[in-house]
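A closer look at the structure
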Amino acid sequence: MATVQLKNIKKIYPHSESKQKKGLFGKKKDEEPEKKHNLQITAEGTVAVQQFSLDIADKEFIVLVGPSGCGKSTTLRMIAGLDTITEGELYIDGRLVNDVPPKGRDIAMVFQNYALYPHMSVYDNMAFALKLRKMPKAEIDRKVREAAEILDITEYLDRKPKALSGGQRQRVAIGRAIVREPQVFLMDEPLSNLDAKLRNQMRSEILKLRQRIDTTFIYVTHDQTEAMTLGDRIVIMRDGFIQQIGTPHEVYNHPHNLFVAGFIGTPQMNFFQTRLECENGEFYVPLYGTRFELNEKQKQMIKERGIEPQEITLGIRPEHVSLCKEGGVEAEVDVSEMMGSSVHLHCSVQGEEVVVIVSGLELGEEHASGFSHGEKVRLHFDSNVLHLFGADEVNLL
Amino acid sequence: MISDRRKNALIFLIPSLILLGVTIVLPLAYSFFISFFSVDLKYKGLGAFMGFGNYASALKDQYFMGSIKTTVIFSVIVVVIEFVLGFAIALLFNCKIKGKNIFFSIVIIPMMITPVAVGLTWRLLLHSTLGVVNWLLSFIGITGHAWLADNATALGTVIFIDVWQQISYMVLILLAGLVSLPKEPYEAASIDGASRWQSFKYVTLPLMAPTFLVAILLRLITAFKTYDLIYVLTKGGPGTATEVVSYYIYKQAFTHLKTSRAAAMSFILLLILIPVSYIATRILRNRNEG
Ligand SMILES: Nc1ncnc2c1ncn2[C@@H]1O[C@H](COP(=O)(O)OP(=O)(O)OP(=O)(O)O)[C@@H](O)[C@H]1O
Ligand SMILES: [Mg+2]
């Protein structure tokens, strides 16, 4: 139960010393440069995270999302105290902890790579932290068995991690964290290796855990559903920078920039290069020969912000495109993906791809099993939910 | 397919097999063969067939048994000291310290000197009247002790010199083990609230256990076979104070020219060492599979 404050946190990984022989026998370090994406590289090294400021309230559930290599794990490891903070300040429960070792931070963490103790049984892996706290044996036993029950790993309690599958190991790693009652829970993609069913199950277990323990969570994931369903607020990162912080509702409905718009939501938002035009003081957006009038709220904002007509990227989510009998824009079906309750149609409109979600109810008899390649359809775009991004990729509204 | 591959493999192996055969298997087989006869280099020929006579007389030979006892004492003390000290040094080298590479080279040097050179060097250093050691000790009032010639100190001195030379071997094996330990469990332990001492006790020690065993067993085997250092330093003396089994066997073969007896004794020594090396290879194999 604690607040966590990150103030302008920066992490620089110094340039690797691999040229100056590393370790005995010039042992290779495992995290040698994979792909460095677009991380900023300075004289001191690779900047993995920068300008990271975030106030996490007590008992809040924060989710960090972003593409691989954007600095999520690095951020988490800095909060845990496993990586040093190059610049900035980190407060846990109001206490500056930059130089406090992990042991003194009262946190529990689920590692992305599990980091189980290879020489200990599953039981001992989960009991270790409690033993160190000199908890009575009976209580340890109760807690470990309870956690094992929740995670469905009771039958493996006597095994060594080596004899477990990836998903089983991951559950042990979760178990090791949840037997404790720390101030802050850090979870680095804790469900990434579980099958879909187990993942759903574990997701609700984490929600239950949260109700039971009621403490601060910082959770890293790739999975949108996890981010949306678990997070009180979502932090979207890219190349070491925060792109947007907001509730699931906010980041979905008001993406701050083009990146967030494209990252949140599956299938991805449709983007069109077009212009914001103005005629007789009325703003509109032309697209495929039709005109999108803006609604009152949008017009108001444009006036307030003094936005000029300009080149823009128009974003429309696939669920805001629908099929219509007449009018709209003509399109040709490329691929029809049957998702069960709905169909994802990948259509081409004048050579550009547009994705449409058609719910099962709208499908009708003839299209019950989807559409065939080359079929002609007509698309209607819902102009109430347009996203307009300027040349700097920032949302205009 | 497989038999073809095996045939090819065999063709490539033949040269080294022949070499090994001529230099190792043949002498070994021959010495095994003559251990059942009464071969004496003073006379020509195989002599009489003795059956297990040489073995029986070796086991009844109190000097042989005594030398085994000396060897066991020597080996156990040497290995214990080297292990404890060596692990401490390895732990130091596993930390981030400045100038580590220089210290490391210094620690490694003794290992690269041949035991005979080491022995000669130390004999000069320890010379009772001309040696540096006694000269230095004279400043604190200890004078003229003949370290290697005194019954009370000879074995201890030899042990000291052997530790001085061989500890780097131990450091090397243990350090290699420490360096290759995974680092994730340590991160997990620090999150779980373990102090450095607790990490050491609950993570490092258990993870290092197989390396410990291998290092100790391998070193035990080489210590058991120590010969050259003794030959140069004391020739087993004074009396039989430092007479280790390898040196005793050497004396049987080349001083007393009792070749077949020496052969029998060598095989008794081999019999002692086989289980030790068997355990060591078992552990090594298990670890590689794990
Ligand atoms: N020890 C290190 N030395 C140098 N660079 C590193 C080190 N650890 C991570 N990096 C770099 O920092 C960046 C951020 O890494 P991080 O592990 O935080 O990514 P991530 O967002 O967790 O990615 P993923 O989703 O794949 O786990 C990466 O580009 C990585 O290459
Ligand atoms: Mg990561």
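In what follows, the structure referred to is the one given above.
The model shown is predicted, which means the values in this text are computed figures rather than measured ones.

It is worth spelling out the site of ligand 1 at this point. Residues and elements named next belong to chain A. For ligand 1, the set of nearby residues contains 16 residues, the closest of which are Ser68, Gly69, Lys72, Ser73 and Thr74. Contact between ligand 1 and Ser68: an oxygen atom at 2.5 Å from a side-chain N or O atom of the residue. Within the side chain of Glu189, an N or O atom sits 3.3 Å from an oxygen atom of ligand 1. Surface burial for ligand 1 is 83%, taken as the share of its 640 Å² of free accessible area covered by protein chains. Ranked by residues supplied to the shell around ligand 1, first place goes to helix α1 (residues 72-80) with 3 residues. For the shell around ligand 1, the per-class residue count stands at 4 nonpolar, 7 polar and 5 charged.

Let us now look at the coordination of the magnesium ion (ligand 2). Residues and elements named next belong to chain A. Coordination of the magnesium ion (ligand 2) by the protein involves Ser73 (OG) and Gln112 (OE1), with metal-donor separations of 1.8 to 2.2 Å. Taken together, the residues span a long stretch of sequence, with Ser73 in helix α1 and Gln112 in the loop between β7 (107-110) and α2 (122-132) at a distance of 39 residues. Note on Gln112: relative accessible area 36%, which makes it partly exposed.

With that settled, the discussion passes to the interface of chain B and chain A. Across the contact, 22 residues belong to chain B and 27 residues belong to chain A. The junction of chain B with chain A conceals about 2100 Å² of combined surface from both sides, 66% of it contributed by carbon and sulfur atoms. Contact with chain A buries area across many residues of chain B, yet Glu187, Ile191 and Asp192 of chain B alone supply 32% of it, more than any other trio. At the surface where chain B touches chain A, the tally comes to 2 salt bridges. The interface formed by chain B and chain A holds 8 residue pairs in polar contact (both at pLDDT 80 or more) in total. Taken together, the elements giving at least two residues each to the side of chain B that touches chain A come down to α7 (154-179), α8 (184-191) and α9 (196-224) of chain B. Here the element with the most residues in the side of chain B that touches chain A is α8 of chain B; it accounts for 7 residues. For the side of chain B that touches chain A, the class distribution of residues is 13 nonpolar, 5 polar and 4 charged.

All names here are of chain A. Residues Ile107 and Met109 line one face of β7 and the alternating positions Ala108 and Val110 line the opposite face, and both faces are buried. Bridge analysis of β7 against strand β8 (residues 184-188) gives 4 bridges, and the strand direction is parallel. The residue bridging Met109 from the neighbouring strand is Leu186, located in β8.

Below, the discussion takes up the packing of aromatic side chains. Counted by the stated rule, this structure contains 33 aromatic pairs over all chains. Between the aromatic rings of Phe32 of chain B and Phe36 of chain B, the centroid separation amounts to 5.2 Å while the plane-to-plane angle is 85°, which identifies the pairing as edge-to-face. You can call Phe32 of chain B partly exposed: its relative accessible area is 40%. Above the ring of Tyr117 of chain A, the side-chain terminus of Arg176 of chain A is found at 5.0 Å from the ring centroid.

All names here are of chain B. A grouping of Leu10, Leu13, Ile14, Leu17, Ile18, Leu20, Val22, Ile24, Val25 and Leu28 is seen on the molecular surface, where their side chains present a nonpolar patch of about 910 Å² in accessible area. Take Ile14: it is sitting in helix α1 (residues 2-34). What makes Ile14 partly exposed here is its relative accessible area of 42%.

Parameters and conventions
Along every chain, residues carry numbers that run from 1 in the direction the sequence is written. Chains carry letters from A onward and ligands carry numbers from 1 onward, assigned in written order. Totals for whole chains, interfaces and linings use all residues, but because this is a predicted model, local features are given only for residues with pLDDT of at least 70 and pairs of side-chain atoms are given and counted only at 80 or more. For side-chain calculations, the full set of non-hydrogen atoms in the structure is used, while hydrogens and water are omitted. Any residue with a heavy atom lying within 4 Å of a molecule or strand is counted as near it. N or O atoms within 3.5 Å of each other form a polar contact, as long as, within protein, one can give a hydrogen and the other can take it, and as long as residues adjacent in sequence are counted only when both atoms are side-chain atoms. Residue exposure ignores everything except the shown protein chains as possible cover, and the areas themselves are Shrake-Rupley values with a 1.4 Å probe. Per the convention used, a helix needs a DSSP run of H or I reaching at least four residues, while a strand needs a run of E reaching at least two, with both numbered from the N terminus. Residue type decides the class: Asp, Glu, Lys and Arg count as charged, Ala, Val, Leu, Ile, Met, Phe, Trp, Tyr, Cys and Pro as nonpolar, and the leftover types, Gly among them, as polar. Excluding water, the donors of a metal are its N, O and S neighbours within 2.8 Å, or within 3.2 Å for Na, K and Ca, and that exclusion means sites may look incomplete. Here's how the labels work: a residue is buried when its accessible area is under 20% of the maximum for its type, exposed when over 50%, partly exposed in between, all with a 1.4 Å probe on protein chains only. In this description, contact between two residues means that some pair of their heavy atoms is separated by no more than 4.5 Å. Reported buried area values correspond to the accessible surface (1.4 Å probe) lost by two parts on association, with both partners' losses combined. Any Lys or Arg side-chain nitrogen found within 4 Å of a carboxyl oxygen on Asp or Glu counts as a salt bridge. Only strands joined by at least two bridges in the DSSP assignment are considered to pair. Paired rings are identified among Phe, Tyr and Trp, the last through its six-membered ring, by centres lying within 6.5 Å, and are further divided according to the angle between planes into stacked (under 30 degrees), edge-to-face (over 60) and tilted (the rest). Whether a charge lies above a ring is judged from NZ of Lys or CZ of Arg, which has to be within 6 Å of the ring centre and within 35 degrees of the ring normal. Residues qualify for a patch when their relative accessible area is over 30% and they have no salt bridge, like charges being joined within 9 Å and the nonpolar side chains of Val, Leu, Ile, Met, Phe, Trp and Tyr within 5 Å.

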